[in-house]
Amino acid sequence: MQGALTFSELPVAARFQIAVLGPIMVGAICGFLLGESAAGWWIAQAAGAVGGIAGGFEHQGARAGAVRGLMAGILFGLAVVAADAISGDPPQAKAPHPITLIVPLAAVIGSGLGALGGGLRGRA
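Residues numbered from 1 in each chain as written. Predicted model: local features only at pLDDT ≥ 70, side-chain atom pairs only at ≥ 80, totals over all residues. Heavy atoms only, no water.

Quick notes on the nonpolar core
Inference 1: Core analysis: the biggest nonpolar cluster contains 12 residues, these being Cys30, Leu34, Trp41, Ala44, Phe76, Val80, Val81, Ala93, Ile99, Ile102, Val103 and Ala106.
Inference 2: Mapped by element, the contributors of at least two residues to this core are helix 1 (12-34), helix 2 (38-57), helix 3 (62-87) and helix 4 (102-123).
Inference 3: With near-sequence residues (within four places) excluded, Val80 lies in contact with Gly27, Ala28, Cys30, Gly31, Trp41, Ile99 and Ile102. (Core = buried A, V, L, I, M, F, W, Y, C linked by side-chain atoms within 4.5 Å. Buried < 20%, exposed > 50% of the residue type's maximum accessible area, 1.4 Å probe, protein only. Helix = DSSP H or I, 4+ residues; strand = E, 2+ residues; numbered from the N terminus. Contact = heavy atoms within 4.5 Å.)

Here it is as structure tokens:
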């Protein structure tokens, strides 16, 4: 894909916002929605999955995308746990029990989504 910047070519501030704040914000939204609406929880999860693929697409190859996805998944999962604890609402959707299991689960899924995105970029 000609003209599209790779992650390493972005300014440091942009990389921080995209790679750190992005997963934390989406995870926090998901964590709050868990206690509010099953539909909202799943829609936010789907948006996060699309973001995971897009994040991997910023890297050259599946391996680099997988590393990015792993880190994003950890941040996402931690934010879900924190937001759910802050809200204190009972879950309205099916989620891992205890909720802390979402951290390793999100890390594995995030790694796979990032690898998918990086692999797609390698083919483009």
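Next comes the rest of the account.
Describing helix 3
Inference 1: Compared with the 38 Å implied by 1.5 Å per residue over 26 residues, the 36 Å span of helix 3 between its first and last C-alpha is a close match.
Inference 2: Gly88 sits one or two residues past helix 3 and shows a positive phi near 70°. (Expected span 1.5 Å × (residues − 1).)

Some words on unusual backbone geometry
Inference 1: Put simply, His97 and Pro98 share a cis peptide bond, and its omega is 0°.
Inference 2: Within the fold, Pro98 resides in the loop between helix 3 and helix 4.

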